[in-house]
Amino acid sequence: MVKLEPSTTVAWAAILLSTSPLIAVSGFSSIHNQLQVTHTSSSSLASSVQQVLRRRPLAPLSRLHSHTEDDEETTSDESPSGSSKREMLKFAIPALGIYLTNPLLSNIDNAFVGRTVGPAGLAALSPATLCVDQAFYLFSFLSRAATGLVSRAYATKREDGKTGGNLEAAREAASPPLTMSLICGAALSLMYAFCTPALLTKLNVDPRLTTSATSYIHWRGAISWAALAQSVCLSLFMATRDAITPLKIIAGAAVFNIIGDALLCVWPLNAGCGGAAAATALATLLSSGWMVKSLRDCGGCYQSYVFRQRRRWATC
């Protein structure tokens, strides 16, 4: 450890005492300058805020509350996802019911024939329903074409300028497939009337089953025009976003078919396969006529293409 002389210690003490006021003064001056800078910056910030407030005053609290309430109401009222889901379910569930109810006509016949006639009747229905139903499926392109044409025409602009709900355009688009369904159905009816024995021979049907199968095909084939027209009318309802009306019609036809099978197959006629086919044919006529009437009442596409062309030619 270094020892300092007393004279050296006194000299250093004198130097420190002489420089401490200068250090203090310089420190106080720097602090004062910083406070002045802060004061000037705060005053400039306050002046700029006052200028902004003069240019654009604040809105009152009541107006702010009203705007927030209006925004909440608009957002709650719109809710596009919820409304679209509800609309989809309103259309999809009845449409599913339609396509589940439509095959019931043949299944009801199978149930009553199996209970009344027995295995021989079910064996006769197998080639008979094959000849009838599969031929109807070959003409399913008519209903598919009607759905596409009518849906596009229904979505066009109306005369008042609004988009959607154009019944006149839908009627124009639906007339050709509806007329073609009637023509193809009439050709099928003629084929079933004259070519049924040849069809059963080509399918190698047992001769013991030919009589029952022929009677079933004759009854179902006689109303082929009504069956194809019914499928096109069903597509017209679906294209115009109406699934409730055809569901009611198909369900009513199924109930009528059950009653007809009970009367013609069980009691009092006990007609077997022919009675079941007659009940299904009557139910098909009822449903197709009901659909055409419903389309006519709602201003739908009920006029045939030939009739509309003749009316145009008469006005020209």
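Rules of the game
Residues numbered from 1 in each chain as written. Predicted model: local features only at pLDDT ≥ 70, side-chain atom pairs only at ≥ 80, totals over all residues. Heavy atoms only, no water. pLDDT = per-residue confidence, 0-100. Helix = DSSP H or I, 4+ residues; strand = E, 2+ residues; numbered from the N terminus. Contact = heavy atoms within 4.5 Å. Axes fitted to C-alpha atoms, helices over the stretch in contact; angles between N-to-C directions. Parallel < 35°, antiparallel > 145°, perpendicular 65-115°, else oblique. Nonpolar A, V, L, I, M, F, W, Y, C, P; charged D, E, K, R; others polar. Patch = residues over 30% accessible without salt bridge, like charges linked within 9 Å, V, L, I, M, F, W, Y side chains within 5 Å. Areas by Shrake-Rupley, 256 points an atom, 1.4 Å probe, with all protein chains shown as cover. Salt bridge = Lys/Arg side-chain N within 4 Å of Asp/Glu carboxyl O.

Before going further, it helps to spend a moment on the confidence of the model for the protein. Residue-level pLDDT values for the protein average 75, and 66% of them are 70 or greater. Here helix α12 (residues 305-315) stands out as the least confident element of the protein, with mean pLDDT 44; helix α8 (residues 207-222) is the most confident, with 92. Low pLDDT, under 50, characterises residues 1-32; the predicted model gives this stretch 1 contact beyond four residues in sequence or across chains. Long-range and interchain partners of residues 304-316, a stretch whose pLDDT sits below 50, account for 13 contacts in this model, where long-range means more than four residues apart.

A few words on the packing of α8 against helix α11 (residues 273-297). At a minimum axis separation of 8 Å, α8 and α11 run at an interaxial angle of 10°. Taken together, α8 and α11 sit at an angle that is classed as roughly parallel. Together, S212, S215, Y216, W219 and R220 of α8 and C273, G274, A277, A278, T280 and A281 of α11 make up the contact between the two elements. Residue composition of the contact of α8 with α11, by class: 6 nonpolar, 4 polar and 1 charged.

Inspection of the secondary structure assignment puts L125 in helix α5 (residues 119-138). Put simply, L125 and Y216 are 91 residues apart on the chain and 7.5 Å apart in space, counted from C-alpha to C-alpha. Dropping the residues within four chain positions of it, L125 is found in contact with D109, N110, V113, Y216 and C273.

Among the surface-exposed residues, L182, W225, F256, L282, L285, L286 and W290 lie close enough to one another that they form a single nonpolar patch of about 600 Å² accessible area. In terms of residue count, α11 provides more of the nonpolar patch than any other element does, 4 residues in total. On the secondary structure map, W290 appears in helix α11.

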